[in-house]
Amino acid sequence: MTSYRIPGRGRIDRNKPVRFTFNGASYPGFQGDTLASALLANRVHLVGRSFKYHRPRGILSAGSEEPNALVGTSRGPGRFEPNTRATVLEVFDGLSATSQNHWPSLKWDIGAINDALYMLFSAGFYYKTFMWPKSFWNKVYEPLIRGAAGLGNSPTVPDPDTYASRFAHCDVLVVGAGPAGLAAVLEAGRSGAKIILCDEQAELGGSLLSETDAGIEGLSGWDWLKSAKDELAAMPNVTVLPRTTAIGYYHQNLLGLCQRLTDHLASPLEGAPRERMWKVRARQVVLAQGSIEKPLVFDGNDRPGVMLAGAARSYLNRYGVKVGNRPAVVTSHDSAWLAAFDLAQASAKVAAIVDVRPEVAGHLKQRAAGLGIEVLTGWTVTGTRGRLRVSSVHVNPVSRGGVVGPARTIACDALLMSGGWTPSVHLFSHTKGKLDWNEEGQMFLPGERTEESRCAGAGNGSFGLAAALAEGAAAGAAAAVDAGFKAKAAAYKVDDEVPLTGISCRELPTDRNASKAKAFVDFQNDVTAKDIRLAVREGFKSIEHIKRYTTNGMATDQGKTSNINGLAIASDAVKRPAPAVGLTTFRPPYTPTTFGAFAGYNRGELFEVTRKTPIDAWAEENGAVFEPVSLWRRAWYFPKPGEDMHAAIARECKAVRESLGMFDASTLGKIEIVGPDAAEFLNRMYTNPWSKLGVGRCRYGVLLGEDGFIRDDGVIGRVSSDRFHVTTTTGGAARVLAMMEDYLQTEWPDLKVWLTSTTEQWAVIALQGPNARKLLEPLVDSIDLSEEAFPHMSVGEGRICGAPTRLFRMSFTGERGYEVNVPARYGRAVWEKLYEAGQQFGITPYGTETMHVLRAEKGYIIVGQDTDGTLTPDDAALGWAIGKAKPDFVGKRSLTRPDMLKDDRKQLVGLLTADPNTVLEEGAQIVLDPNQALPMMMVGHVTSSYWSATLGRSIALAVVEGGRAREGETIHVPMPDRTHQARIVGTVFFDPENKRLSA
Amino acid sequence: MLHEHHPLVGREIAVREAAPLSIRAVADCARFSLRIDPARIVEASKAFGLSLPERIGDVTVSGDRLAVRLGPDEWYLTAPLAENQAIERDFAKLYATVPHSLVDVGHSEVGIEVEGTAALLALRSGIAFDIEAIPAGTGCRTIFNKAQIVLVREAENRFRIEVWRSFADHVWGILQAVSREIAIDI
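Residues numbered from 1 in each chain as written. Chains lettered and ligands numbered in written order. Predicted model: local features only at pLDDT ≥ 70, side-chain atom pairs only at ≥ 80, totals over all residues.

Okay, the overall build of chain A next. For chain A, the count of helices and strands is 23 helices and 51 strands. Over its C-alpha atoms, taken along the principal directions, chain A stretches across nearly 115 × 70 × 55 Å. Going through the 999 residues of chain A one by one, you find that 54% of them count as buried. Sequence-distant contacts, at least 24 apart, represent 67% of the contacts inside chain A between residues at least 6 apart. (Helix = DSSP H or I, 4+ residues; strand = E, 2+ residues; numbered from the N terminus. Buried ≥ 20, exposed ≤ 12 C-beta atoms within 10 Å, placed from the backbone. Contact = placed C-beta atoms within 7 Å.)

All names here are of chain B. Assigned domains of chain B: these are domain 1 (12–27 + 109–183) and domain 2 (30–104). Between domain 1 and domain 2, the C-alpha centre-to-centre distance is 25 Å. Between domain 1 and domain 2, the residue contacts involve eight residues of the former and seven residues of the latter. For the side of domain 1 that touches domain 2, the secondary structure elements donating two or more residues are strand S9 (138–144) and strand S10 (147–155). Counting residues per element, the side of domain 1 that touches domain 2 draws most heavily on S9, which supplies four residues. For the side of domain 1 that touches domain 2, a count of residues per class yields three nonpolar, three polar and two charged. (Domains from an automatic or database assignment. Nonpolar A, V, L, I, M, F, W, Y, C, P; charged D, E, K, R; others polar.)

Residues and elements named next belong to chain A. Burial runs high along strand S38 (residues 723–728): five of the six residues are buried. Relative to S38, strand S35 (residues 669–674) is paired through six bridges, and the arrangement is antiparallel. Bridging across to S38, Ile671 finds its partner in Val726. Pairing of strand S37 (residues 710–720) with S38, which is carried by four bridges, proceeds in the antiparallel orientation. Across the sheet, residue Ser720 finds its bridge partner in S38, namely Arg723. The loop that links S37 with its antiparallel partner S38 comprises two residues. (Pairing = 2+ DSSP bridges.)

What follows deals with the interface of chain A and chain B. The interface of chain A with chain B comprises 39 residues on the first partner and 37 residues on the second. Mapped onto the side of chain A that touches chain B, the elements with two or more residues apiece are strand S8 (163–175), S35, strand S39 (754–757) and helix H22 (827–837) of chain A. Of the residues that constitute the side of chain A that touches chain B, the class distribution is 21 nonpolar, nine polar and nine charged.

All names here are of chain A. Pairing is mixed across the open sheet formed by five strands, whose spatial order is S2-S1-S7-S5-S6. The two strands at the open ends of the sheet, each matched to only one other strand, are strand S2 (25–31) and strand S6 (80–85). Taken pair by pair, the neighbouring strands of this sheet meet at an average axis angle of 35 degrees, ignoring direction. Here three bridges tie strand S5 (residues 70–74) to strand S7 (residues 96–98), and the two strands are oriented antiparallel to one another. In the strand pairing of S7, Ser74 is matched with Ser96. (Axes fitted to C-alpha atoms, helices over the stretch in contact; angles between N-to-C directions.)

Residues and elements named next belong to chain A. Two elements in contact, helix H7 (residues 309–317) and helix H8 (residues 335–345), have axes separated by 8 Å at closest approach and are oriented at 30 degrees. Handedness of the H7/H8 crossing: left-handed. Contacts from Ala309, Gly310, Ala312, Arg313, Leu316 and Asn317 of H7 reach H8 at Ser335, Ala336, Leu338, Ala339, Asp342 and Leu343. (Left-handed = near helix turned anticlockwise from the far one by under 90°.)

The next point concerns helix H18 (residues 645–658) of chain A. All names here are of chain A. With 14 residues, H18 should reach 20 Å at 1.5 Å per residue; the first-to-last C-alpha distance of 20 Å fits that figure. Three or more residues of H18 are buried, namely Ala648, Ile649, Glu652, Cys653, Ala655, Val656 and Arg657. On the buried face of H18, the contacting elements are strand S33 (632–637), strand S34 (661–664), strand S40 (762–768), strand S45 (844–845) and helix H23 (848–857). (Expected span 1.5 Å × (residues − 1).)

This part covers the sheet that holds strand S21 (residues 379–385) of chain A. All names here are of chain A. The three strands are arranged S21-S22-S23 in an open sheet whose pairing can be described as antiparallel. At either margin of the open sheet sits one strand with a lone partner, and together these are S21 and strand S23 (408–411). Each strand of the sheet is rotated relative to its neighbour by a mean of 30 degrees, with strand direction disregarded. Of the pairings in the sheet, the one linking strand S22 (residues 392–397) to S23 comprises four bridges and is antiparallel in character. By the bridge assignment, Ser392 is partnered in S23 with Ala411.

With that out of the way, let us pick up the nonpolar core. Grouped together as the largest cluster of nonpolar side chains are 336 residues, with contacts concentrated most on Val172 of chain A together with Val171 of chain B. Sort the elements by how many residues they give to this core and helix H11 (residues 465–482) of chain A lands first, with eleven residues. Formed jointly, this core draws a minimum of three residues from each of two domains, domain 1 (12–27 + 109–183) and domain 2 (30–104) of chain B. Apart from the residues within four sequence positions on either side, Val172 of chain A is in contact with Ala188, Ala193, Ile195, Ala282, Arg283, Gln284, Val286, Ala479, Ala480 and Ala483 of chain A. (Core = buried A, V, L, I, M, F, W, Y, C linked by C-beta atoms within 7 Å.)

Now the structure itself:
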């Protein structure tokens, strides 16, 4: 088999040959090839099977719009990627690619039976076919559809690659490095402005790389391109980003650019990230995205070997690959003639140029005649032949009256088509900039802008090299001026440019039964022209509905080659002008983007911040099991060898109740409130009264929202008359500080009080148990720990083990308790000293689970567990914490609303199960009568539930409608195994007289 | 004396290739959050022995003492460790006539210095605003990839990050990932 590579042609690096495999077969290529160009050079046109009908498919385009040539690539273990477009994938030595969507092989595919059964798969077939019998949906139809759906195989193991991200700011961002983009960036760059230029391709140049006939400023297109690149390289103010796709245009000129860093390399450096997401904030943006060629819609337009004429020109001029020896051309636009001429000059025998237009410019016909190419104008295409590659095309004359004459068969080995060009308005459209319909060109063009952006070149409907350069230069200069620089657009002299025109078509006329024609509009989702007409017949009038019913434009290519053809057909079928039928919304990303690029650095250990306390490392070394609590990881329990969780918790609970436990409470939020109005500020924020709290004393405080519901709680100590040490819940720390700051700044700016977070300043060691004081007394200086001097709910400042401390006497266990605050860097050393000194009392480190059990035995609530944002202090049995004499506090007024005073509000109660060994499920619903009909009336739910080793039975807290008045009643808790009985009791299960706090 | 545990102690990242970069955990210092009526900064400056910056974002330095104005009524102060108690005493004296809040946050924060021609590039991986535009000798509170930090541009190519200690590992991990890219120039 001879290669289709033409010696001396193209921009590939012939000094760098590579070998790659496709479906296991090894092929040669060159650096600079895409997989598509390299396969075509090896005469491989068949690269995949279509989504619905499993029809053989080839390469349609030469760019990122490719709907057909999707392949799987593997770069080693864990590095499999499905649905990569062969037209953008750069080949490298060792690349391994495979085709998709077929079984057992690409050439013989069982699924192709769908093609013969196509009548069943018309638009909306899912909705129609799988309706009966209804019971089949869950068990038969849906699993079957899901199994058949999807394109390519998902990766099965975690992605081993790393990804990067970077923020950037610039004066002018230019998207697209074709002639318009280059002209823009040269002007803006010369002004001295800070510029970023990005282009999705590996090489700058855009259409200049493929269309080689015209010259610029006396140079050939390629020579001018080289001089432009040299000039940019010499500008330190210009950052050039090839292989970088502008995926989205967001508010206030923020653009996301995805840069491919290593996918084109055979052996990337160790540790090199695969992609980088740039988040660029630009003062001015120039969009020079170019245009995308439209396919023509006719029966068999999807056969391998049928491709866009511009793509064939790219393969020839840019990659030195002839797509066929005997290509035929079918077109409604002059540009395909140039592709035919280029191929003819490259010694291909062009079978014919078939133009649907009755009249074509004389200079084109003359050139065709000179090259010996047969020309058929006013003809249509009605079919193609060839099983795995096109072998012939049927063409028919169309009379002035529209009558389609008899077919003529033209043998060919490639069929190049062009239906004209669609400006890429995607990014402009992301900004919600208005799109205007251009009737003459049958296209949408950027209208009024909403951001500081300009469109230039083909993407703005200004086709042709001279127009692109002129508009690009003007846009670049204007952008630089608007960014505050001096610039003036240069004029470019363009030689030998051929003026091009064309018309837009719907599906081409045919002499055969149009309802049987497989004339594809959306190649990736297998949507044909008749599907769109069927949708309209069935009542869909808006393009958004037609899109969803037919799935036109819904594949990974987002309809880049299909939307405008679909619209033309729909508009004809609806008999309304195209803008009235509408255009579907363009949404980011512009092309498929990896999840890795979005995640950037935030994966694995860096996925999210994991906050660790100063004592965390000790806990880890001592076998702690951890649990996440907001961003923190906290020691959950400390199992000894051979212990399960249940045994560990029971042992830890027992130690605290009988002797001494220690607990890392460093994660508690802490706020230092300082100023002459500190007590008054607390009076207004918390429900409790603070003015009379003595220096050196603490109080439990409850914080409400304006709605009267509990938001947070914590113990607050008065360190001096003007200084309070506030603690909050672990998860509520940032929220509470923000709420306080908000009130202070907006409601009470007159108060002389200031707030500072000290959460991380202090490591906090809770010592709980009857022996706590005995342990502390010899280790603490300058605080008298006697019962009289330092009773329950005291705070003092002194030293412990040589470190300064703020020592609290408080208890979240019901035992005598202290919380030792030391500056964070001393936390671990003090912990270790206390642990060592506590050995005489069998001191036992415990985690959050034991803390939860011990506090539940005492009926102490946890905000967020026992409350859910709908509980008032009274509901939570905290009515006592309300300062009734206070004129106001946040939420006070809401507490007197009639709703808040109803008897049947859900109230916090205790539950004791009839079977003491049953531990209820947290979240389980509660009913009064288990025999009522379904659905039962639920009156509350279990909020906390544990095995209490202290009591030798289970305990639970719950919220129950009118619960307090029901004390003593039996309620029922349906759980998966059976319905359990429980008795409503008070919330305090252990030591209700609080004797142990001072024992 | 008790052993002090620092999250990042002794850790260092050094890149010596095309774009030199050095990232290191810096020695501890005394740190305070000062909140005070901006009308009274003359008195506060006297107490601290340094003219407190009058514009938000400005930094003033005198000897080993430094102040950054972070907000309308908020300054971040640093000083040598040994001066911790003296500073508290001086402000305590001021409190009688000029009420304010001085809170020791010396143990809350960890200092990281990022220095070299690639310093800006390293920081741009996680900071959304245009740090190239901020002049040397200024600072602000901002976000570095999910972590709140105070950033001071000490010199053209030297930045100091002050970050809460439990966020320090995260910030360090990001800087480490970025420095790999800088080392292999990708």
